[in-house]
Amino acid sequence: MNFNKSIFMVHALCCALLLTMNSYAQKSMGYSANKQVIAKGDALFQQNCSECHNFYQGGIGPSLAGVTTEASRDYLSKFIVNPQQVIKSGNKRATDLLAKYKTQMPAHPQFKPVDINALLAFINTHTYVPAPVNIADLGAPITDPVPAKIPKAGLTLKLEEFATAPPTATRVPITRINQTYVLKGGKADRFFMLDMRGKLYEIKDKKFNVVMDMAKEKPNLVHLSGQGSGWGSFAFHPDFYKNGLLYTNHSERPRSAPADFGYSDSIRVDIQWVISEWKIKDPNADVFTGECRELMRINNPTTMHSVQQVIFNPLAKPGDTDYGLLYIGVGDGGAGETNLHQLCNTNTQIRSSILRIDPAGHNSKNGKYGIPPTNPYANSKDPNIVKEVYARGFRNPNRITWLPDGRMITSDIGLSNVEEINLVKPGADYGWPNREGTFLLTFKGKTNSIYPLPARDDPKYTYPVVQYDHDEGNSISGGYVYRGNIALLKGKYIFGDIYRGRVFYVEPNDLKLGKLAPIKEFDLQFNGVKATFLDMVKNVKADLRLGIGEDNNLYVFTKTDGRIWKVVDCAAN
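What you see is a predicted model, and the numbers here were worked out from it, not measured in a lab.

Visitor: I'd love a proper account of the packing of aromatic side chains, names of residues and values included.
Guide: Taken as a whole and judged by the stated rule, the model has 24 aromatic pairs. Ring centres of Y181 and F236 lie 5.8 Å apart, and the angle between their planes is 40 degrees; this geometry places the pair in the tilted category. Taken as a pair, Y181 in strand β2 (residues 177-183) and F236 in strand β6 (residues 231-236) lie far apart in primary sequence, 55 residues in all. Residue Y181 is classed as partly exposed on the basis of its relative accessible area, which comes to 34%.

Visitor: I'd like a rundown of the packing of helix α4 (residues 73-81) against helix α7 (residues 113-123), residues and numbers included.
Guide: Look at α4 against α7: their axes get within 11 Å of each other, and the N-to-C directions meet at 115 degrees. At the point where α4 passes α7, the crossing takes the right-handed sense. Along the contact surface, α4 presents R73, L76, S77, I80 and V81, while α7 presents I116, N117, L119 and L120. Each residue belonging to the contact of α4 with α7 can be placed in one class, and the counts come to six nonpolar, two polar and one charged.

Visitor: Explain the environment of D213 to me, using residue names and the numbers behind them.
Guide: With respect to the helices, strands and loops of the structure, D213 is situated in strand β5 (residues 207-213). By relative accessible area, which is 13% here, D213 ends up buried. In this structure the C-alpha to C-alpha distance between D213 and Y201, which are 12 residues apart in sequence, comes to 9.0 Å. Leaving out residues up to four positions away in the same chain, D213 has contacts with G198 and K199. A polar contact is formed between the side chain of D213 and the side chain of K199, at a distance of 3.4 Å.

Visitor: Run through the confidence of the model for the protein chain, naming residues and quoting values.
Guide: Taken over all residues, the pLDDT of the protein chain has a mean of 90, while the share at 70 or more is 92%. This model gives residues 1-28 a pLDDT under 50, and the stretch forms nine contacts once residues within four places in sequence are excluded.

Visitor: Residue-level account of the environment of V67, with values.
Guide: Positionally, V67 belongs in helix α3 (residues 67-70). By relative accessible area, V67 is classed as buried at 7%. With near-sequence residues (within four places) excluded, V67 lies in contact with L76, R93 and I123.

Visitor: Just give me the short version of the sheet that holds strand β9 (residues 290-300), but keep the residues and values in it.
Guide: On the basis of which strands lie adjacent, the open sheet formed by four strands has the order β6-β7-β8-β9 and antiparallel pairing. The open sheet terminates on both sides in strands that have one partner only, identified here as β6 and β9. Here the average twist between neighbouring strands, direction ignored, is 15 degrees. Relative to β9, strand β8 (residues 271-280) runs antiparallel, the two being bridged by 10 bridges. Counterpart to E277 in the pairing with β9 is R293.

Cut-off values and rules
- Residues numbered from 1 in each chain as written.
- Predicted model: local features only at pLDDT ≥ 70, side-chain atom pairs only at ≥ 80, totals over all residues.
- Heavy atoms only, no water.
- Phe/Tyr/Trp six-rings, centres within 6.5 Å; stacked < 30°, edge-to-face > 60°.
- Helix = DSSP H or I, 4+ residues; strand = E, 2+ residues; numbered from the N terminus.
- Buried < 20%, exposed > 50% of the residue type's maximum accessible area, 1.4 Å probe, protein only.
- Axes fitted to C-alpha atoms, helices over the stretch in contact; angles between N-to-C directions.
- Left-handed = near helix turned anticlockwise from the far one by under 90°.
- Contact = heavy atoms within 4.5 Å.
- Nonpolar A, V, L, I, M, F, W, Y, C, P; charged D, E, K, R; others polar.
- Polar contact = N/O pair within 3.5 Å; in protein donor to acceptor, adjacent residues only side chain to side chain.
- pLDDT = per-residue confidence, 0-100.
- Pairing = 2+ DSSP bridges.

Next comes the structure, spelled out in structure tokens:
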């Protein structure tokens, strides 16, 4: 018999035996091997679990590789439906995981037994636990990145309930309110609020009027709670009342249309993000109607943290270099924690970047927008360089803003250890996925561990000016410099933690490259009663965001229950 043919036959027999064994193992453990059931479980996982879990390493929650061989089906089923009850029962596995990851998984009471069966069948296809890579030369992982605790400021924010946004779901989160904006320059200021499920509201006399419905405009719209998908943000052109131009970013089903920024066909596409320009017929209308022009479309390997924000520099004046240029915050799309680092670790990729484009130009590769000549890579001769990139190295740049002195900052949501705020410099590299905060991260090993920076650090990296670790919170919510009338708040950059609902501030004068600014925390009072946002929402996740309203009033709101709180005073304790 031909030797090569013999080898092929042996290989085929081994593969058949392994498939048979795997199928037997699935059935013997009570997990379905049916392809349709597993496909349904895959979809449920992407919609409900992938924000916090994967099968490579821990993130917000643990890696789930091999979990069906480590824990019983009964335990996993109960934990998925009501993890708080399992933790309260004193189960050692559950309490150990809580101690390690410092956050509780949301309950999923909506899951029926058939859903749990499908989800566990999919998870059971990932029983292989990758062998650890030798990273001994990095030393021991850091277990407490920021030992000092965030101190109280001795100040209490006094909040009064302003309104409750219309519910867009029947279970938590009841809303996905994400952004506010005050449009000036017309007959009167107009106050807008966005719900990521597709509704743009104008708030008048505390009533929410739908100005635009993205779900109707774009039938392929995808909005998955907890994963940053949906209608991400909106930005009015600074000359909106003259040209009627509105800019949006939203997510769509994979393969809805050819992407301008893709990657190898061997890598799955879970979602597409689309940046659009809308020509509104009547900028003064109560309901916006007009023509849509697509500027760019981006493929992403997971549904997580992709295009977070579109924004114009509000400080730029006509004639300034920055006037009319659109900034776009693009996360890594989950690539950094799913072994796809090549999609986010260089300026030849669009992910993990803040972009700057000229919507009125035409010299981009697709001819639909321009590359500003002052962009850091605008004159590069390398055809692989993404010239739209203004700065890179962010995992999830969720909010961009400008300080009164003109400096640009962005908050960046971390993975397992550190949340950060960065001063944004053109051409700078902020490290992701090789750095998290002021620490080394290695994609050669488990990215839920961080290490001290090397003695001879790579000078190409720029480090944050503010950071806190996951003892204090789990997901930074970018904020604003307060410009309102409350004396004790004037000039402070106020931000929060999405998950735990804490509200912090830093002084902008303390934000200097090469130094970490001190953070202080506000106490909170709701309608005269001292409490926390977790107390108010009665949920393990506050889902907190901040926004600016009319007369520079500061609002703090929670997706969990849709309640919007107005900051009416600040008092020394």
